[in-house]
Amino acid sequence: MGNPIKKRKRMTPFQKILLGFIGVIVLGALILMLPISSQSGAVTPFDQALFTSTSAVCVTGLIVQDTATYWSGFGQAVILILIQIGGLGVITMMSTAMMLVGKRLSFSQRTTMQNAISAPNIGGIVRLTKFVLKGTALVELIGAVIMMPVFIIDHGARGIWMAVFHSVSAFCNAGFDLMGKPGQKFASMTYYSSHPLINIVLMLLIIVGGIGFLTWKDVVTYKFRFKRYRMQSKVILITSAVLIAVPAVIFFLYDFAQLPLGERILGSLFQSVTTRTAGFNTLDLTSMTAIGQAIFIVLMLIGGSPGSTAGGMKTTTVAVLVANAVSIFRRKEDPECFGRRIDAGVVKVASTVFLMYITLCFAGAAVICSVEKLPAGVCLFETASAVGTVGLTLGITPQLGLISHIILILLMFLGRVGGLTVIYAAVTGSGDKMSKLPAEQITVG
């Protein structure tokens, strides 16, 4: 009697994505620990290196050490590479490397790529990946070239590196900056709060990086023929426009009243755009009103769009929930958008994602508030920034203890790879789709 042949278990696409991110984060942390990575030549403690690596790969921007004054040129280059990998996706970069050496991608690898960049189908996934890579390189190059003269005038030859670094950081919605100086650390982009060119270029890079690769495809293919865009692209563009314009008006009316008109307009727009998970700030966030900070928390949780460099629960999630609410108010059976019906399964996923992000944000804030004895509102701002992979801060992150840093690391990781990806990676199988339990009514609302 022969031995039964054991079937080799293959990793699911979700497990590959999860392990890919973990691998790059750990490798990045180990490199950042090296003496060559810090300006002082000292070995960076593992927890600080891990926090920085996680923040870079998860394109968040929360930091425990000022990027400009603590890390050496080598360390800054490592951080930039981690940002680029995290922005485009670990799987996308790994697949790109395989294609460059001439290796043909298997069906399993193409499926993993499809999940990694949120493509609607597996057909044409290689062409789409090439389009994304070329588009990314072009946009980042243009952004760097436009900002370069300003940075060179202000910082000399180092301005070339600063232009490249900030262009990549903005496009990838990372929020890392090189503006810190001895005695003036964690400055972000406050030195350029009144500079129109830097503000506008950074905002455009953030928006382009945050609307998603599939939306790019529609814009490039159909130009201004908006009606021909796929429904998802229409939803993303309209929702993003609303989430930028409305908060900007509120910020203009309730915050920054002491600024000159031009700087006030730029500041209001920039602070609204940067919550698309970018993490830069040009004005002092601690001086904002309670209303302004509350709006920041909401916008940070929403984040960018699917298949983009941004994190958060995504603009489409909120749009689907709003469409579902409208359908209930109008007593319609199915939610609708742009003349199309939204599937009930999509509504269930959107509700689950919304609940997960809210739970993670509040649970993380509760732990940090308890451990650090800080106000709940301040802690909620930091956890919303972490799980939304934004990087904006009220200044408490560098002073937090190890437990709080671990909480923020977990939130950044879950916010980038997605809570559902973690669950799908841990729980294999498709479930029982045939049998159903008896239904019974339950009153809600």
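Positions within a chain are numbered from 1, following the residues in the order the chain's sequence is written. Local features in this predicted model are restricted to residues whose pLDDT is 70 or higher, and side-chain atom pairs enter the listing and the counts only when it is 80 or higher, whereas totals over whole chains, interfaces and linings include all residues. Values reported for side chains reflect all heavy atoms of the structure, with hydrogen atoms and water molecules removed beforehand.

Caption draft 1: Structural context of helix H12 (residues 261–274). The end-to-end C-alpha distance of H12 is 20 Å, a good match for the 20 Å that 14 residues give at a rise of 1.5 Å each. With respect to burial, H12 is a largely interior element, 10 of its 14 residues being buried. Looking at the packing, one finds that the buried side of H12 touches helix H9 (196–210), helix H11 (231–254) and helix H13 (290–302). Secondary structure elements are defined from DSSP: runs of H or I of at least 4 residues count as helices, runs of E of at least 2 residues count as strands, and each element is numbered from the N terminus. By this rule, a helix spans an expected 1.5 Å times one less than how many residues it contains. Only protein chains enter the area calculation, which uses a 1.4 Å probe; residues under 20% of their type maximum are buried, those over 50% are exposed, and those in between are partly exposed. Whether two residues are in contact is decided by their heavy atoms, any of which lying within 4.5 Å being enough.

Caption draft 2: Region of the structure containing helix H1 (residues 13–33). When the terminal C-alpha atoms of H1 are compared, their 31 Å separation across 21 residues agrees well with the 30 Å that a helix rising 1.5 Å per residue should span. Those residues of H1 that fall on the buried side of the exposure criterion are Pro13, Gln15, Ile17, Leu18, Gly20, Phe21, Val24, Ile25, Gly28, Ala29 and Leu32.

Caption draft 3: Inspection of the packing of aromatic side chains at higher detail. Only the six-membered ring of Trp is used, alongside the rings of Phe and Tyr, when aromatic pairs are assigned; centres must lie within 6.5 Å, and planes under 30 degrees apart are stacked while those over 60 apart are edge-to-face, with the rest tilted. Across all of its chains, the model carries 11 aromatic pairs by this definition. Taking 5.5 Å as the distance between ring centres and 85° as the angle between the ring planes, the aromatic pair formed by Phe151 and Tyr192 counts as edge-to-face. On the criterion of sequence distance, the pair formed by Phe151 in helix H7 (residues 125–155) and Tyr192 in the loop between helix H8 (158–171) and H9 is long-range, its members being 41 residues apart. You can call Phe151 buried: its relative accessible area is 0%. For Tyr192, a relative accessible area of 6% corresponds to the buried category. Between Phe213 and Trp216 the ring centres are 5.2 Å apart and the planes differ by 80°, which places this aromatic pair in the edge-to-face class. Of this pair, Phe213 and Trp216 both sit in helix H10 (residues 213–222), three residues apart, which is roughly one turn of the helix. The residues Phe213 and Trp216 share a single accessibility class, namely buried. Cluster of aromatic residues (ring-pair linked, three or more members): Phe131, Phe171, Phe213 and Trp216. Look at NZ for Lys and CZ for Arg. If either is within 6 Å of the ring centre and within 35 degrees of the ring normal, a charge sits over the ring. Directly above the ring of Phe131 sits Lys217, whose terminal nitrogen or CZ lies 4.5 Å from the centroid.

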